[in-house]
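Observations on the model geometry
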Amino acid sequence: MTLDAPREVGTDRSSAQVYDYGAHVWSWSLDGVPVLWTSAKSVFETGVALRGGVPICWPWFGPGRSGELAPAHGLARIKEWTLDGRVDRANAEVLTYVLGPDAAPGALPGENWRVTYQVSVGDDLELALTVENRGVTSFSYEVALHTYLRVGDVRQVAIAGLDGASYLDKVTGRHEVQAGDVTIVAETDRVYSRGGEVVVTDPVLGRGLRVATEGAANTIVWNPWAAKAAAMPDFGDDEWPGMLCIEAGNVLDHAVTLEPGDSQTLRYGLAVEAS
Ligand code: BG6
């Protein structure tokens, strides 16, 4: 089934489109300039993940820790979320979405969990995903906000903030330590064991993108490069130089375990700076 149109959200300076499907922030523009990347080949059908914007990966990342789970990146991005609030705050419009076992049965063992997602659209884009354990037994999950950033040419950007961080290189399967800024010179798929702040300097678009995360043990950096992009039906063959995923999450060894009554919040803030 084709998706309903996204919600149009924003302020005088900023505008975003958000689908209830996946609680998916599809676009965010500041002063009319797009900040997020979206593929022209994305599919807008239920049961399929959108390609671009900010997919929510939950309750597992990729194929999960076992390497065997499907669908890729979990159920949250292909389920219909419920809009629970829409308010104007000072210089921002804020949407609150919820997801529970009624909409995503079997996502976790037990039926006593709730995910709340707050999307604040203003001069910054601020995202906060909270998972609550409302039951009587603990559970574990992986989570990531899989943000696709629009860049002028990924081969020319510098990614600061990960110097000295250890990472799993998912292309080679090796564990490495980052030396200096990250640059993209080939297919890149890395899970860094560090959250916090990352700045992407983009000389082609003449801007910096500042990513500030909280509650994230991992930063994931992904660009498929030419061959992998060509193999994906929902990704244009020549689109890969224009995108860079800087994702915040808690994945693999950093999966979250929640005891009954506990909750965890993952925050992702995105700001644009002149460079
Ligand atoms: C990244 C993963 O987060 O997402 C990659 O690290 C994966 O391994 C990419 O290829 C895209 O995943 P998907 O399921 O949206 O095609």
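You'll find the structure just up there.
Along each chain, residues carry numbers from 1 onward, in the same order as the chain's sequence is written. At least 70 in pLDDT is required for a residue's local features to be given in this predicted model, at least 80 for side-chain atom pairs to be given and counted, and no such filter applies to totals for whole chains, interfaces and linings, which use all residues. Calculated side-chain values reflect all of the structure's heavy atoms, with hydrogen atoms and water omitted.

Secondary structure elements are defined from DSSP: runs of H or I of at least 4 residues count as helices, runs of E of at least 2 residues count as strands, and each element is numbered from the N terminus. Broken down by element type, the chain carries one helix and 22 strands. Here the globule rule reads 2.2 Å times residues to the power 0.38, and the radius of gyration is calculated from C-alpha atoms. For the chain, whose C-alpha radius of gyration is 18 Å, the value lies close to the compact-globule estimate of 19 Å for 275 residues. With the C-alpha coordinates aligned to their principal axes, the bounding extent of the chain is approximately 50 × 45 × 35 Å. Residues are treated as being in contact if the distance between any of their heavy atoms lies within 4.5 Å. Pairs at least 24 residues apart make up 64% of the contacts formed inside the chain by residues separated by at least 6 positions. Working definition of accessibility: Shrake-Rupley area with a 1.4 Å probe, residue cover restricted to the visible protein chains. For the chain, the accessible surface area stands at approximately 11,500 Å², while carbon and sulfur atoms represent 47% of it. A distance of 1 Å separates the average location of the 21 positive side-chain charges in the chain from that of its 37 negative side-chain charges. By the counting scheme adopted, Arg and Lys are positive, Glu and Asp are negative, and His together with the chain ends is not counted. Note on charges: their place is set at NZ of Lys, CZ of Arg, CG of Asp or CD of Glu.

Time to look at the site of the ligand. For this description, a residue counts as near a given molecule or strand if any of its non-hydrogen atoms is within 4 Å of it. Near the ligand, the surroundings consist of Arg51, Phe61, Ala72, His73, Arg77, His146, Lys170, Asp189, Ile220, Trp222 and Glu247. We define a polar contact as two N or O atoms separated by no more than 3.5 Å, with the added condition that, inside protein, one atom must be a possible hydrogen donor and the other a possible acceptor, whereas residues neighbouring each other in sequence contribute only through side-chain atom pairs. The separation between an oxygen atom of the ligand and a polar side-chain atom of His73 is 3.1 Å. Within the contact set of the ligand, an oxygen atom lies 3.1 Å away from a side-chain nitrogen or oxygen of Lys170. Protein chains bury 85% of the 390 Å² of accessible surface belonging to the ligand in isolation. Here a cavity denotes a set of grid points, spaced 1 Å apart and computed over the protein atoms alone, in which a 1.4 Å probe fits but from which it cannot get out, and a pocket denotes an open set meeting protein on both sides within 12 Å along at least five of seven lines; residues with an atom within 4 Å of a point are reported as lining. A cavity or pocket is said to hold a molecule if more than half of that molecule's atoms lie within 2 Å of its grid points. Applying the majority rule of atoms within 2 Å of the grid points places the ligand in the second largest pocket. The class makeup of the residues in the shell around the ligand is four nonpolar, two polar and five charged. Note on residue categories: nonpolar means Ala, Val, Leu, Ile, Met, Phe, Trp, Tyr, Cys or Pro, charged means Asp, Glu, Lys or Arg, and polar means any other residue, Gly included.

Read from one edge of the open sheet, eight strands run β6-β7-β8-β9-β22-β18-β17-β13, paired in antiparallel fashion. Two strands lie at the open edges of the sheet, namely β6 (82-89) and β13 (158-160), each paired on one side alone. In this sheet, adjacent strand axes meet at a mean angle of 15° when their direction is disregarded. As paired elements, strand β17 (residues 197-202) and strand β18 (residues 207-214) share six bridges and run antiparallel to each other. Bridging across to β18, Glu197 finds its partner in Ala212. A pair of strands is considered paired only if DSSP assigns at least 2 bridges between the two. Every axis in this analysis is a line fitted to C-alpha atoms, fitted for helices over the stretch in contact. Angles between the N-to-C directions lie between 0 and 180 degrees.

Moving on: the pairing of β17. Pairing analysis gives three bridges linking β13 to β17, with the strands arranged antiparallel. Bridge pairing links Ala158 to Thr201 in β17. With antiparallel pairing between neighbouring strands as the criterion, β17 and β18 make up a hairpin whose turn holds four residues, including Gly206 at a positive phi of roughly 65°.

Quick look at the sheet that holds strand β4 (residues 33-34) now. Sheet architecture is open: four strands sit in the order β1-β2-β3-β4, paired in antiparallel fashion. A single partner strand is all that each edge strand has here, and the edge strands are β1 (7-10) and β4.

This brings us to the pattern of salt bridges. Any Lys or Arg side-chain nitrogen found within 4 Å of a carboxyl oxygen on Asp or Glu counts as a salt bridge. Following the criterion strictly, the structure yields 13 salt bridges and no others. Between Arg51 and Asp234 there is a salt bridge, and its shortest N-O distance comes to 3.2 Å. Remark: Asp234 occurs in the loop between α1 (225-231) and β20 (243-250) and Arg51 occurs in the loop between β4 and β5 (56-57); sequence separation between them is 183 residues. The buried label applies to any residue whose accessible area, calculated with a 1.4 Å probe on protein chains only, is under 20% of its type's maximum; exposed applies above 50%, and partly exposed to all values in between. For Arg51, a relative accessible area of 14% puts it in the buried group. Judged by its relative accessible area of 12%, Asp234 falls in the buried class. Several salt bridges converge on common partners, so that one network encompasses Arg13, Asp31 and Asp123.

Unoccupied space between atoms shows up once a probe the size of one water molecule is rolled over them. Grid points are joined across faces, edges and corners, and a volume is the space filled by probe spheres set on the points. Tallied over the entire structure, the rule returns one cavity of 30 Å³ or more. When its volume is computed, the largest cavity comes out at roughly 30 Å³. Those elements giving two or more residues to the lining of the largest cavity turn out to be β18 and β20. For the lining of the largest cavity, the element with the most residues is β20, which contributes three residues.

For Phe, Tyr and Trp, where Trp contributes only its six-membered ring, two rings pair if their centres lie within 6.5 Å, and the inter-plane angle classes them as stacked under 30 degrees, edge-to-face over 60, or tilted in between. One pass over the structure, following the stated rule, counts 12 aromatic pairs. Considering the side-chain rings of Tyr19 and Phe44, the 6.0 Å spacing of their centres and the 35° angle between planes classify their relative orientation as tilted. Taken together, the residues Tyr19 in strand β2 (residues 14-19) and Phe44 in the loop between β4 and β5 connect sequence positions 25 residues apart. On the basis of relative accessible area, Tyr19 is assigned to the buried category, the value being 8%. Judged by centre distance (5.0 Å) and plane angle (55°), the ring pair of Trp58 and Trp113 falls under tilted.

Let's shift gears to the nonpolar core. Side chains that are nonpolar tend, in soluble globular proteins, to be buried together. Take the buried Ala, Val, Leu, Ile, Met, Phe, Trp, Tyr and Cys residues and link them wherever side-chain atoms come within 4.5 Å; each set so joined is a nonpolar core. Within the largest apolar cluster, 69 residues are counted, with the highest numbers of intra-cluster contacts made by Trp58, Tyr117 and Ile159. Those residues in contact with Ile159 that sit more than four places away from it in its chain are Asp181, Val182, Ile184, Val198, Val199, Val200, Val221, Leu244 and Ile246.

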